[in-house]
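# Structure at a glance
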Amino acid sequence: MRDWVELDKRYIWHPFTQMKDWFQSDNLIIERAEGVYLFDTTGARYIDGVSSLWVNIHGHQKSEIDRAIINQIGRVAHSTLLGLGNTPSISLAEKLVEISPDGLKRVFYSDSGSTAVEVALKIAFQYWKNKGRKDKKLFVGLDQAYHGDTIGSVSLGGIDIFHSIFSQLLFPTLVIPSPFPYRNPNTEPDDLRDRCLEFFEQMAAERSDEIAALIVEPSVQGAAGIIVHPAGFLKGLETICRKYNILLICDEVATGFGRTGAMFACERESVHPDILCLAKGLTGGYLPLAATLTTDEIFEAFLAPYTDYKTFFHGHSYTGNPLACAAAEACLDIFVNERVLEKLQPKIAFLTDILTEVFQNAPNVGDIRQCGFMVGIELTRDKALRKPFPVELRMGAQVTRNIQKYGVILRPLGDVIVIMPPLAIENCEIETIIRSLEKSIKETCET
Ligand SMILES: *Cc1c(COP(=O)(O)O)cnc(C)c1O
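Anyway, here's the lowdown on the structure attached to this text. As the structure is a prediction and not an experimental result, all values here were calculated from the model.

### Notes on the pairing of strand 5 (residues 138–142)
Where burial is concerned, most of strand 5 is hidden: five out of the five residues are buried. Alternating positions in strand 5 separate into two faces, Leu-138, Val-140 and Leu-142 on one and Phe-139 and Gly-141 on the other, with burial throughout. Where strand 5 lies against strand 7 (residues 211–216), three bridges are found, and the strand directions are parallel. Within strand 7, the residue paired with Val-140 across the bridge is Leu-214. Where strand 5 lies against strand 6 (residues 174–176), three bridges are found, and the strand directions are parallel. In the sheet register, Val-140 faces strand 6, and the bridge partner there is Leu-174.

This is the structure we're talking about:
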């Protein structure tokens with residue numbers, strides 16, 4: 001058999017990875033998967049506790065999605081949307097418009113969450129140009145936001161260790177504070193929310209003539225460490241956007257497709273964005289596909305005689321890829337046919353209960369944050385003093401490496417342990433993740 005671990009070390013440059021550390025560690029190489037389980041090249045089995053980086057929804061090798069892709073391969077694997085249409089992209093767009101928040105009527109495809117955001121930013125920017133409002137060119141983002149790794153999306157990102165290196169490449173943006181109840185334990189969440197909203201309102205009142213759009217991860221800031229916003233924050237942002245004629249872009253790349261317990265996080269507060277970004281779970285975690293949805297109002301601002309140059313000059317080679325669209329349509333059908341969201345609710349409740357039971361009094365666990373099937377567990381050196389571990393211990397990475405021996409794959413965000421399983425996971429498998437994590441934290445942190 002080939003030595004996959006060594007070959008990987010020789011040829012692959014892994015994302016978000018200090019390769020010097022990678023060379024020194026014993027890495028798992030995945031060969032196949034089934035349901036919520038991944039299997040490595042030695043045949044060992046692991047629960048996919050972070051849905052293969054937050055993308056998998058119905059499990060691996062889901063027969064309906066497999067079949068949809070195979071059927072589509074029998075017709076055409078790829079054909080361009082530049083100058084042509086293709087059937088899977090049309091029927092998927094129809095379904096996306098149907099299930100997304102009211103008012104969103106048009107679908108622009110791309111291939112990743114980052115490009116979905118780039119497209120949203122460029123559409124918002126050009127929308128105001130096309131309307132003759134050339135001064136409205138600034139974007140507002142949230143503190144600690146994450147919208148992807150391309151230059152435009154990094155410009156709106158607020159996570160210093162990922163983003164500050166590139167600061168000279170980025171365009172200027174306006175930043176509003178996020179209501180982080182966990183970092184402000186002495187402030188009521190509602191007061192914190194209101195203060196952040198007041199900050200935005202004051203900015204909007206002063207600069208609405210220059211502001212094109214606000215972009216926000218609705219309800220949960222994922223990459224920031226699964227930070228859950230207080231109820232009413234998203235609605236408050238929407239109200240201010242409407243009052244001051246600012247476009248609202250919701251980045252549901254992480255929160256979309258049932259993650260928070262609702263199909264889209266926007267629904268939780270009856271929010272109607274002008275632009276919606278979707279990716280990650282869109283194909284059930286099978287193929288790279290993204291969609292940026294807009295209102296008719298925005299779309300119509302791009303309609304003009306050709307020589308007015310109001311066309312949206314943007315597109316990717318694989319835009320509207322038929323295989324990916326077929327997978328996405330099958331993924332959406334499963335939501336309906338298997339009543340996925342309905343069955344998810346008791347699993348969310350089970351997860352809440354077991355998290356509380358196991359970690360409430362654990363000495364090295366601080367905040368436990370949950371919104372639906374998005375969970376962040378913060379490791380702390382001293383619970384009472386809310387003292388973190390020194391960064392160089394890389395405690396989050398140690399805990400998630402150690403848990404592999406119990407047959408669980410997790411990936412941390414710094415010292416926040418993320419749990420984000422496929423929606424198809426069963427309670428007994430959730431329990432395995434949590435009990436294994438309890439052991440792994442004890443073994444790693446109590447030394
Ligand atoms: C993951 C993520 C992105 C980027 O998506 P990619 O497919 O990794 O480019 C953008 N926004 C949010 C909120 C995300 O969680």
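Still to come is the rest of the account.
### Some details on the site of the ligand
Every residue lining the ligand is accounted for by Trp-54, Ser-112, Gly-113, Ser-114, Tyr-146, His-147, Gly-148, Glu-217, Asp-251, Val-253, Ala-254 and Lys-280. Here Asp-251 contributes a side-chain N or O atom positioned 2.7 Å from a nitrogen atom of the ligand. Measuring from an oxygen atom of the ligand, one finds a side-chain N or O atom of Lys-280 at 2.7 Å. Calculation on the ligand without its partners gives an accessible area of 380 Å², and the protein chains cover 82% of this total. Per-class residue counts for the shell around the ligand are four nonpolar, five polar and three charged.

### With respect to the packing of aromatic side chains
This structure, assessed with the given rule, holds seven aromatic pairs. Summarising the aromatic geometry, the rings of Tyr-127 and Trp-128 are spaced 4.8 Å apart at their centres and angled 70° between planes, so their arrangement reads as edge-to-face. Neither Tyr-127 nor Trp-128 differs from the other in exposure class; each is buried. An aromatic cluster of three or more residues is present, and its members are Phe-108, Phe-302 and Phe-312. Above the face of the Phe-299 ring, Arg-106 is positioned so that its terminal group lies 3.9 Å from the ring centre. The ring of Trp-128 carries the charged tip of Lys-136 above its face, separated from the ring centre by 4.5 Å.

### Here's the deal with the layout of surface pockets
Of the voids in this model, the second largest pocket is the one considered here, and its volume is about 610 Å³. Arg-106, Val-107, Phe-108, Phe-299 and Phe-312 are, among the 24 residues lining the second largest pocket, the residues nearest its centre. When residues of the lining of the second largest pocket are traced back to their parent elements, those giving at least two are helix 5 (87–99), strand 4 (104–110) and helix 11 (296–300). By residue number, the principal contributor to the lining of the second largest pocket is strand 4, which donates four residues.

### A closer look at the pairing of strand 7
Burial of strand 7 is extensive: six of the six residues sit out of reach of the surface. The sheet contact formed by strand 7 and strand 10 (residues 247–251) spans four bridges and is parallel. Note on strand 10: the bridge partner recorded for Ile-215 is Ile-249.

### Some thoughts on the nonpolar core
Counting 101 residues, the largest nonpolar core has Phe-200, Leu-214, Phe-257, Phe-359 and Leu-437 as the members making the most contacts within it. Per-element tally for this core: the top contributor is helix 12 (residues 322–337), with 10 residues. Residue assignment places this core across two domains, with domain 1 (4–58 + 339–445) and domain 2 (66–337) each supplying three or more. Discounting residues that sit within four places of it in the chain, Phe-257 has contacts with Ile-57, Leu-96, Met-263, Phe-264, Leu-278, Ala-279, Gly-281, Leu-282, Leu-332, Phe-335 and Leu-423. Of all hydrophobic cores here, the second largest spans 25 residues; its members include Ala-116, Leu-121, Tyr-127 and Ile-298.

### So, helix 12
An ideal rise of 1.5 Å per residue puts 22 Å on 16 residues; helix 12 measures up with 22 Å between its terminal C-alpha atoms. Of all 16 residues in helix 12, 13 are buried; the element is thus mostly enclosed. N-capping of helix 12 is provided by Asn-321, with a side-chain oxygen placed 3.3 Å from the backbone N of Leu-323.

### Details of the pattern of salt bridges
Close approach of charged atoms allows side chains of opposite charge to pair. Scanning all chains against the criterion turns up 21 salt bridges. The salt bridge involving Arg-32 is made with Glu-34; its shortest N-O contact spans 3.7 Å. Judged by relative accessible area, Glu-34 falls into the partly exposed class, the value being 47%. Among the ionic pairs, Glu-438 bridges to Lys-442, the shortest N-O distance being 3.7 Å. Of this pair, Glu-438 and Lys-442 both sit in helix 15 (residues 427–445), four residues apart, roughly one helical turn.

Cut-offs and rules
- Per-chain numbering applies: the sequence of each chain, read as written, is numbered from 1 onward.
- A pLDDT threshold of at least 70 governs which residues receive local features in this predicted model, and a stricter bar of 80 or more applies before side-chain atom pairs are shown or counted, although totals over entire chains, interfaces and linings include all residues.
- The side-chain quantities take in all heavy atoms of the structure and omit both hydrogens and water.
- Only protein chains enter the accessibility calculation, which uses a 1.4 Å probe; a residue is then buried when its area is under 20% of its type maximum, exposed when over 50%, and partly exposed in between.
- Here a strand is any run of E in DSSP of at least two residues, a helix any run of H or I of at least four, and the numbering for each starts at the N terminus.
- Strands were regarded as paired on the criterion that DSSP finds at least two bridges between them.
- Throughout, near means a residue has at least one heavy atom within 4 Å of the molecule or strand.
- Whenever two N or O atoms come within 3.5 Å, that pair is a polar contact, provided that in protein one can donate a hydrogen and the other can accept it, and provided that, for residues adjacent in sequence, both atoms are side-chain atoms.
- Only the protein chains shown count as covering a residue, and every accessible area follows the Shrake-Rupley method with a 1.4 Å probe.
- All residues other than Ala, Val, Leu, Ile, Met, Phe, Trp, Tyr, Cys, Pro, Asp, Glu, Lys and Arg, Gly among them, are scored as polar; the first ten of these are nonpolar and the last four charged.
- For Phe, Tyr and Trp, where Trp contributes only its six-membered ring, two rings pair if their centres lie within 6.5 Å, and the inter-plane angle classes them as stacked under 30 degrees, edge-to-face over 60, or tilted in between.
- Criterion for a charge above a ring: Lys NZ or Arg CZ within 6 Å of the ring centre, and within 35 degrees of the ring normal.
- Using a grid of 1 Å spacing that covers the protein atoms alone, one calls a set of points a cavity when a 1.4 Å probe fits there but cannot get out, and a pocket when the set is open and has protein on both sides within 12 Å along at least five of seven lines; lining residues are those with an atom within 4 Å of a point.
- Grid points are joined across faces, edges and corners, and a volume is the space filled by probe spheres set on the points.
- Residues belong to one nonpolar core when they are buried, are Ala, Val, Leu, Ile, Met, Phe, Trp, Tyr or Cys, and are joined through side-chain atoms within 4.5 Å.
- The split into domains, and so the bounds of each, comes from an automatic or database assignment of domains.
- The contact criterion used throughout is that any non-hydrogen atoms of two residues lie within 4.5 Å.
- The span you would expect from a helix comes to 1.5 Å times its residue count less one.
- In the sections that follow, a salt bridge refers to a side-chain nitrogen of Lys or Arg positioned within 4 Å of a carboxyl oxygen of Asp or Glu.

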